[in-house]
Every structure is written in structure tokens, then in C-alpha cells.
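# Overview (structure and organization)
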Amino acid sequence: MVFDAQDQQGKAVYHTNVFMCIGSDFVIAGFEMMTDTKRRDEIIRRFEFAGKKVIHLTEAQIGAFCGNALEFHAGSKRLLALSSTAFAALSQSQKALLEQSVTLVPLDVSAIELAGGSVRCMLAGINLSKR
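Everything numeric here is computed off the predicted structure, so don't read it as measured data.

This part takes up the overall build of the chain. The helix and strand inventory of the chain stands at six helices and six strands. Helices and strands appear in the chain in the N-to-C order α-β-β-α-β-α-β-β-α-α-β-α. Against the 2.2 N^0.38 benchmark of 14 Å for 131 residues, the chain shows a C-alpha radius of gyration of 15 Å, consistent with a compact globule. Looking at the chain residue by residue over its 131 residues, the buried ones come to 40%. For the chain, the proportion of contacts with a sequence separation of at least 24, taken over those separated by at least 6, is 61%. Here the chain displays about 7900 Å² of accessible surface, and carbon together with sulfur accounts for 54% of that area. Here the chain contributes 14 positively and 13 negatively charged side chains, and the mean placements of these two sets differ by 8 Å.

Printed below as a string of C-alpha cells:
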């Protein structure tokens, strides 16, 4: 679904990796940064209809790279790679909700974050069928 998002200064969010992480059972995002409230509500309803826990992030949490995380699988275990910065910025209740679905794996990528990226910028998902 297409949407626009911006920070409180009116600067556009340039990439969904900055703003949102969609996991198997959850979505974490800075929904309040979406400029069209009707569209935002529709998107949230669609995530909920899909059975995902919707976890709202603040703009400050987006700035701390909380939306820049990636779920991956290690055998039957699901893990969420996120930066130490993002882990520290999540509330205890947000962590508890996420931990119902995944094991949180905070990583120190402070050098990458100085350049404006974070964990998700360093990882890629492979979604090919097994041969």
C-alpha cells in the first residue's frame, strides 16, 4: 500500500526500512508519521486483519533505528536483528510484545549508525523456493 510519511519538521521519510519492520506475527512502525490519517487507519486495519500485532513507534524511536530491524529464521526459531540503539529505545512493553514472537538479538552497529544506516541496511532476506 502506498502512503506518505514525514517527521514533525515536515521532512519526508525516504525509505520504509527507516520507518517500519514487518515480521511474521507483528509490525512495528511509526504510524503517527503517516500524513493521511484515513490511509493510516486502513493500513493498521489490514495488518490487524492479517493477524499481526501492531506495535506503534514514536518518532524518537524511529530516530533510534527501531524501524530498521529484520526478522530472520534459524531453523524453527525466529529472531529479530536490531541495533543496540534500537533495543535500548524500545519500551519494556514493546519488547515483551515482540518476545511473544521472536528472540530479540541486539547488535552493536554504532559505526554504521553514524552514517545513518542500521542493522537492516546490512542484511538481506533470501525468499527463494528450495530447489
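Still to come is the rest of the account.
Our next topic: the sheet that holds strand 4 (residues 70-74). Overall, mixed pairing links the three strands, which are arranged 4-5-6 in an open sheet. A single partner strand is all that each edge strand has here, and the edge strands are strand 4 and strand 6 (103-107). Direction aside, the axes of adjacent strands within the sheet are offset by 35° on average. Note: strand 4 against strand 5 (residues 77-83), five bridges, orientation antiparallel. Of the residues in strand 5, the one forming a bridge with Leu70 is Ala81.

This paragraph deals with the sheet that holds strand 2 (residues 26-29). The sheet built from three strands is open, its strands ordered 1-2-3 with mixed pairing. At either end of the open sheet lies a strand with only one pairing partner, and these are strand 1 (20-22) and strand 3 (53-56). Between one strand axis and the next, the sheet turns by 10° as a mean value, whatever way the strands run. Across four bridges, strand 2 lies against strand 3 in parallel orientation. The partner of Phe26 across the bridge, within strand 3, is Lys53.

Cut-offs and rules
- Residues numbered from 1 in each chain as written.
- Predicted model: local features only at pLDDT ≥ 70, side-chain atom pairs only at ≥ 80, totals over all residues.
- Heavy atoms only, no water.
- Helix = DSSP H or I, 4+ residues; strand = E, 2+ residues; numbered from the N terminus.
- Rg over C-alpha atoms; globule rule 2.2 N^0.38 Å.
- Buried < 20%, exposed > 50% of the residue type's maximum accessible area, 1.4 Å probe, protein only.
- Contact = heavy atoms within 4.5 Å.
- Areas by Shrake-Rupley, 256 points an atom, 1.4 Å probe, with all protein chains shown as cover.
- Lys, Arg positive; Asp, Glu negative; His and termini not counted.
- Charge placed at Lys NZ, Arg CZ, Asp CG, Glu CD.
- Pairing = 2+ DSSP bridges.
- Axes fitted to C-alpha atoms, helices over the stretch in contact; angles between N-to-C directions.

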